[in-house]
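# Descriptive analysis of the structure
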Amino acid sequence: MTTKSGATTSATFPTKATAGHSMKPRQLTMMGLGSAIGAGLFLGSGAGVQAAGPAVLLSYLVAGTLIILVMWALGEMAAAHPTSGAFSVYAERALGRTAGATIGWLWWLQLVVVIAAEALGAAGLLFSVWPVVPVWALALLFMVVFTGINLAGVRNFGEFEFWFAILKVAVIVLFLAVGAALLLGLLPGVDSPGAENLTGNFAPQGLGGVAAALFVVIFAFGGTEIVSVAAAETEDPERSVGKAIRTVVWRILVFYIGSVFVIAAVLPATSKSLASPFAGVLDAARIPGASTAITLVAVVALLSALNANLYGASRMVYSLSQRGEAPRVLTRLNNAGVPLLAVAVSVAFGFIATVLELLFPERILPALFQLVGSTCLVVWGSALVSQLILRRRADRDGTALPLRMRGFPGLTILGLVLLGLIFAVGFSAEGSRIQLFSTFALIAGIAMACAAGARLTARNRAANR
């Protein structure tokens, strides 16, 4: 690949054919927002406030710093080598074939579980305000509709995700405006809570509460890394990736930290309204119909994330197939340039989950959330380690990169230190400790399967010569 400077990149960042380049830069940017701004913000932010009080803002600052560093690292690699395998391919180049395949399959498994959870979650929320169609049937309908959208082509998928994300962003901006008016006492007939909730008891649970909230908050940012996967099918990825990552990062931080600031200022940590924090703030502002409206927005948020995650999962298994880590049949494209069978295997578990919901009502969604575990932390760690190795290799070889992460290697190392601290916090708490051990056991199992598969493939190739 030739950079804008005219230099030719070496094998540090090899090129590989992709399904196409139909996604527009604005769609790439909004996909990053759409996958990260979901139920974790609209419904889950209240759990962080309950755990740490207003001090949850410190947890968001730590997690926000980490995601900035991870996205900068991914941006450098994605601009130099846009590929649907993204961090899986980068881990393969930096750490070896087994490491790359393990990260790819781990992320794919995470997403197929999340897809099922998001379909069931959205169905449950919609049923709470429209109890006509049962949850399992709504989830099945969502799976069918979004499978069709993903099969229609990247351009159509990207446009759909763009408008989904626009709606969520508009709601957050409106929420921030209402929250600011409430805090400043500008709403007629409504008393401002002032700064009492923020200053009266900033950290009711001390540092332990901040640490507990940190592990909750970190998962809210999961999904942002999908920008690096989508870069392979974007027009002019060298320009688009850098712009998308810069835009996505600062908007996520403003939306998340701004929203949580308003929630913590308006609702005390003991408030029952934190179960649905956006609705609680709007109720405090005496806006009628707030609870129903925000529930419907949360449905849209979940479906938007489902849409983006289905795209990401299908492209990751497509990349694994290209590299010989999955059956080659998964590389087949339909007339729209979409890997048909890769999409099909990625949604299969979601359809199974809808059947299980019919058989075991209200028991499947909690089980799915437990399965997701802490896999995003491992993916982020692999991205930082890969960038550290590949950047040093590129600098040593004199390889020109179209986008370079500033502050290297110090900021990459800082990201790894923050990640290590988060793992330390996780192991200190019993609930998260179980999830971490389960995640590491899953990684070990995937790695052994990938290594065995690689040996079998090599043996078969040797026998056929």
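Remember, predicted model here, so these are calculated numbers, not experimental data. (Residues numbered from 1 in each chain as written. Predicted model: local features only at pLDDT ≥ 70, side-chain atom pairs only at ≥ 80, totals over all residues. Heavy atoms only, no water.)

### Description of the overall build of the protein
Keep this limit in mind: Strands here are runs of E lasting at least two residues and helices are runs of H or I lasting at least four, both read from the DSSP assignment and numbered beginning at the N terminus. Radius of gyration here is computed from C-alpha atoms only, and the compact-globule reference equals 2.2 Å multiplied by the residue count raised to the power 0.38. Remark: exposure states derive from per-residue accessible area (1.4 Å probe, protein chains only) relative to the maximum for the residue type, with buried under 20%, exposed over 50%, and partly exposed in between.
Along its length, the protein carries 19 helices and zero strands. Taken over C-alpha atoms, the radius of gyration comes to 22 Å for the protein, in line with the 23 Å a tight globule of 465 residues would show. Overall, the protein is about 80 × 50 × 40 Å in size when its C-alpha atoms are taken along their principal axes. In the protein, which comprises 465 residues, the share counted as buried stands at 55%.

### Quick look at the nonpolar core
The condition is simple: Buried residues of nine kinds, namely Ala, Val, Leu, Ile, Met, Phe, Trp, Tyr and Cys, make up a nonpolar core once their side-chain atoms join them within 4.5 Å. Whether two residues are in contact is decided by their heavy atoms, any of which lying within 4.5 Å being enough.
Phe42, Leu66, Phe87, Tyr90, Phe221 and Leu377 are the most contacted members of the largest nonpolar core, which totals 147 residues. Tallying contributions element by element places helix 14 (residues 290-322) first for this core, with 18 residues. Contacts of Phe42, omitting those with residues within four sequence positions, involve Ile37, Lys168, Val171, Ile172, Pro277, Phe278, Ile294, Val297, Ala298 and Ala301.

### Section: the packing of aromatic side chains
Short version of the rule: In this scheme Phe, Tyr and Trp rings, the latter by its six-membered ring, pair at centre separations within 6.5 Å, and the angle between planes marks the pair as stacked below 30 degrees, edge-to-face above 60, and tilted otherwise.
Taken as a whole and assessed by the stated rule, the structure comprises eleven aromatic pairs. For the pair Trp105 and Trp108, a centre-to-centre distance of 5.5 Å together with 90° between the ring planes defines the contact as edge-to-face. Placement of the pair is Trp105 and Trp108 together in helix 6 (residues 97-129), with a separation of three residues, close to one helical turn. Take Trp105: its relative accessible area is 19%, and that puts it in the buried class. A centroid spacing of 4.9 Å and a plane angle of 40° characterise the contact between Phe221 and Tyr256, whose relative ring orientation is tilted. Separated by 35 residues along the polypeptide, Phe221 in the loop between helix 10 (206-220) and helix 11 (226-230) and Tyr256 in helix 12 (residues 237-266) bring together distant segments of the chain. The class for Phe221 is buried, based on a relative accessible area of 0%. Put simply, the rings of Phe423, Phe427, Phe437 and Phe440 pair up and form one aromatic cluster.

### Looking at the packing of helix 7 (residues 135-151) against helix 8 (residues 154-183)
Counted only if it meets this: Between N-to-C directions, angles span 0 to 180 degrees; the directions come from axes that are lines fitted to C-alpha atoms, helices contributing only their stretch in contact. Oblique is the label for any angle not covered by the other classes, which are roughly parallel (under 35 degrees), roughly antiparallel (over 145) and roughly perpendicular (65 to 115). Ten residue types, Ala, Val, Leu, Ile, Met, Phe, Trp, Tyr, Cys and Pro, are classed as nonpolar, four, Asp, Glu, Lys and Arg, as charged, and the remainder, Gly among them, as polar.
It is at 8 Å that the axes of helix 7 and helix 8 come closest, and there the two elements cross at 125°. The angle between helix 7 and helix 8 places the two elements in the oblique class. Together, Phe146, Ile149 and Asn150 of helix 7 and Phe157, Phe160 and Phe164 of helix 8 make up the contact between the two elements. Across the contact of helix 7 with helix 8, the residue classes break down as five nonpolar, one polar and no charged.

### Concerning the packing of helix 6 against helix 17 (residues 375-397)
Applicable threshold: Put simply, a crossing is left-handed when the front helix is turned counterclockwise from the back one by less than a right angle, and right-handed when it is turned clockwise.
Put simply, helix 6 and helix 17 touch, their axes get as near as 10 Å, and they point 145° apart. Pair helix 6 / helix 17 crosses with left-handed handedness. Only Thr375, Cys376, Val378, Val379 and Ser382 of helix 17 make contact with helix 6, whose side of the interface consists of Ile103, Leu106, Trp107 and Gln110. The residue makeup of the contact of helix 6 with helix 17, split by class, is six nonpolar, three polar and no charged.

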